[in-house]
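Architecture and fold: a report
Single-letter residue listing:
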Amino acid sequence: MSTAATQIIGVASGKGGVGKTTVSINLAVKLASLGKKVMIFDADLGLANAQLALGIRAPFNFSHVLSGEKTLSEVIIEGPSGVKLVPGASGIQRMAALGPQETAGIIQVFSELEDELDYLIVDVAAGLSDSVMAFMSACQYRVVVLKNEPYSIADAYSTIKVMMQEYNLDRIYLVPNGVESQREGQRLYTSINTVVQNFLNGQVKYLHSISADSMVVQAMKASQPLVSYSPASLAARDFGDLAKRIMQLEPDVPLNGNIQFFVERVAAQLAAKVS
Ligand SMILES: Nc1ncnc2c1ncn2[C@@H]1O[C@H](COP(=O)(O)OP(=O)(O)O)[C@@H](O)[C@H]1O
Ligand SMILES: [Mg+2]
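Residues numbered from 1 in each chain as written. Chains lettered and ligands numbered in written order. Predicted model: local features only at pLDDT ≥ 70, side-chain atom pairs only at ≥ 80, totals over all residues. Heavy atoms only, no water.

Focus on helix α1 (residues 20-33)
Rule in force here: By the criteria applied, helices consist of DSSP H or I runs no shorter than four residues and strands consist of E runs no shorter than two, each listed in order from the N terminus. The span you would expect from a helix comes to 1.5 Å times its residue count less one. Burial here depends on accessible area, computed with a 1.4 Å probe over protein chains only, as a share of the maximum for the residue type. Under 20% is buried, over 50% is exposed, and the range in between is partly exposed.
Under the 1.5 Å per step criterion, the end-to-end length of α1 is 20 Å for 14 residues, consistent within 8% with the ideal 20 Å. With respect to burial, α1 is a largely interior element, 12 of its 14 residues being buried. Residues Lys20, Thr21, Thr22, Val23, Ser24, Ile25, Asn26, Leu27, Ala28, Val29, Leu31 and Ala32 constitute the buried set of α1. Positive backbone phi, approximately 100 degrees, marks glycine 35, located one or two places after α1.

Some words on the environment of valine 11
Put simply, the test is: Pairs of residues are marked as contacts when any of their non-hydrogen atoms sit within 4.5 Å.
As for its placement among the helices and strands, valine 11 is situated in strand β1 (residues 7-12). Residues contacting valine 11, with those up to four places away along its chain left out, are Lys20, Ser24, Ile121, Val122, Asp123, Val124, Met136, Val143 and Val145.

Brief notes about the site of ligand 1
Put simply, the rule is: Near residues are defined by distance, with any heavy atom within 4 Å of the molecule or strand qualifying the residue. Whenever two N or O atoms come within 3.5 Å, that pair is a polar contact, provided that in protein one can donate a hydrogen and the other can accept it, and provided that, for residues adjacent in sequence, both atoms are side-chain atoms. Per-residue and other accessible areas follow the Shrake-Rupley method at a 1.4 Å probe size, with only the shown protein chains counted as cover for residues. Put simply, Ala, Val, Leu, Ile, Met, Phe, Trp, Tyr, Cys and Pro go in the nonpolar bin, Asp, Glu, Lys and Arg in the charged bin, and everything else, Gly too, in the polar bin.
Inspection of the region around ligand 1 gives 18 residues, with Gly17, Lys20, Thr21, Thr22 and Asn177 positioned closest. At 3.2 Å, a backbone N or O of valine 18 approaches an oxygen atom of ligand 1. Separating a nitrogen atom of ligand 1 from a backbone N or O atom of aspartate 213 is a distance of 3.0 Å. When ligand 1 sits alone it has 560 Å² of accessible area, and the protein chains cover 80% of it. Looking at the shell around ligand 1, the elements that each hand over two or more residues are α1, β7 (172-179), β9 (210-211) and α9 (214-221). Within the shell around ligand 1, the residues separate by chemical class into 7 nonpolar, 8 polar and 3 charged.

Concerning the nonpolar core
Heads up, the condition is: Take the buried residues of types Ala, Val, Leu, Ile, Met, Phe, Trp, Tyr and Cys, join any two whose side-chain atoms come within 4.5 Å, and each joined set is a nonpolar core.
The biggest cluster of nonpolar side chains holds 51 residues, and the ones touching the most others in it are Phe41, Phe110, Val122, Ile160 and Phe262. If you tally residues by element for this core, the top one is helix α6 (residues 130-138), at 6 residues. Isoleucine 160 has contacts with Val144, Ile172, Leu174, Ile192, Val196, Leu200 and Val204, leaving out every residue within four places of it along the chain. Within the second largest apolar cluster, 40 residues are counted, among which are Ile25, Leu27, Ala53 and Ala236.

Points about the pattern of salt bridges
Which entries qualify depends on this criterion: For this document, the term salt bridge refers to a Lys or Arg side-chain nitrogen within 4 Å of an Asp or Glu carboxyl oxygen.
Counted by the stated rule, this structure contains 3 salt bridges. Of the charged contacts, one joins lysine 20 and aspartate 123 as a salt bridge, the two residues approaching to 3.6 Å between their closest N and O atoms. Of this pair, lysine 20 sits in helix α1 while aspartate 123 sits in strand β5 (residues 119-124); the two residues are 103 residues apart in sequence, bridging distant segments of the chain. Since its relative accessible area comes to 6%, lysine 20 is described here as buried. Here arginine 142 and aspartate 170 are joined by a salt bridge, their closest N and O atoms 3.8 Å apart. Taken together, the residues span a long stretch of sequence, with arginine 142 in strand β6 (residues 141-146) and aspartate 170 in the loop between α7 (150-166) and β7 at a distance of 28 residues. Accessibility expressed as a relative area gives 4% for arginine 142, which makes it buried.

Side note on the packing of α7 against helix α8 (residues 182-200)
Let me state the cut-off plainly: Throughout, an axis means a line fitted to C-alpha atoms (over the contacting stretch in the case of helices), and angles, computed between N-to-C directions, take values from 0 to 180 degrees. These descriptions rest on fixed angle ranges, namely under 35 degrees for roughly parallel, over 145 for roughly antiparallel, 65 to 115 for roughly perpendicular, and the rest for oblique. In this scheme, a crossing is called left-handed if the near helix is turned counterclockwise away from the far one by less than a right angle; it is called right-handed if the turn is clockwise.
At a minimum axis distance of 11 Å, the contact between α7 and α8 shows a crossing angle of 40 degrees. The orientation of α7 relative to α8 falls into the category oblique. The crossing of α7 and α8 is right-handed. Each of Ile153, Tyr157, Ile160, Lys161, Met164 and Gln165 in α7 lies in contact with α8, whose residues at this interface are Leu188, Ile192, Val195, Val196, Phe199 and Leu200.

A few points about the packing of α1 against helix α11 (residues 234-248)
Two elements in contact, α1 and α11, have axes whose closest approach is 9 Å; the angle formed by their N-to-C orientations is 70 degrees. One element, α1, and the other, α11, form an angle in the roughly perpendicular class. Here Thr22, Val23, Asn26, Leu27, Lys30 and Leu31 of α1 come into contact with α11, specifically with Phe239, Gly240, Leu242, Ala243, Ile246 and Met247. Broken down by class, the residue content of the contact of α1 with α11 amounts to 8 nonpolar, 3 polar and 1 charged.

Topic: unusual backbone geometry
Positive phi is not limited to glycine here, since asparagine 168 has a value of about 55 degrees. Along the polypeptide, asparagine 168 turns up in the loop between α7 and β7. The phi angle at serine 223 is positive, at roughly 55 degrees, despite the residue not being glycine. Serine 223 sits in the partly exposed class, given a relative accessible area of 34%.

Take a look at the structure:
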């Protein structure tokens with residue numbers, strides 16, 4: 001049983017297809033295999049969504065919670081290593097229109113999860129939409145996944161800029177993906193952090209880089225997380241190191257609660273944007 005409050009980690013990228021879902025699910029399964037209680041909230045509507053990557057099929061998803069057809073506990077399913085998943089959430093903008101009673105119901109279930117979960121990992125959609133930012137605002141840690149490619153770097157920087165300047169967010173961590181060496185990832189981090197320091201008057205932090213590894217694609221084809229499919233592979237070992245880095249982070253306890261008010265924070269942020 002966990003002692004600290006649930007730590008919520010938002011995973012964004014700006015551009016799609018750079019490995020957000022791959023990082024989210026492998027980090028989740030790795031943390032779970034290290035004894036942590038983990039849930040993934042799939043707020044990404046991309047094709048290779050978390051369900052497929054985890055190799056599980058969910059009959060219901062978060063949209064059924066939003067429409068009132070199901071409760072949150074009815075849509076949560078369990079995947080490899082006991083990782084829980086709140087499946088794909090189409091129509092996430094509807095969270096802005098949640099009534100107090102519906103919000104209260106969701107908050108109730110999340111607050112029951114507080115004691116059961118060490119980490120909630122939120123795989124957000126690509127882009128810089130209000131809902132992406134609402135989720136990132138509601139998290140304690142913000143992970144930006146990026147590749148060492150011009151478009152991915154530009155989009156990661158835009159994401160960082162919006163999070164810092166428009167939403168006043170800190171605790172932003174970079175995870176370079178698809179690198180040839182840890183050194184390449186560290187260099188990429190340093191160059192971005194220099195620009196962030198010079199132009200945004202802030203800083204981003206570094207976690208760990210994930211190697212380019214053909215086993216990632218094979219695991220995806222086999223509908224299994226890489227860390228279970230091929231634990232000895234280069235990228236799986238990187239995910240192990242990433243998970244350990246995450247476990248070293250100082251836990252953060254925001255004033256308005258961790259997980260129980262997560263949905264309320266997202267909904268409030270969205271409502272503020274709508275009005
Ligand atoms: N480190 C990696 N090495 C090789 N292929 C990768 C790596 N990370 C992701 N991929 C592949 O890139 C594609 C996009 O990854 P995905 O996690 O679905 O991106 P996103 O969620 O950002 O859209 C997938 O086919 C995935 O298997
Ligand atoms: Mg994805």
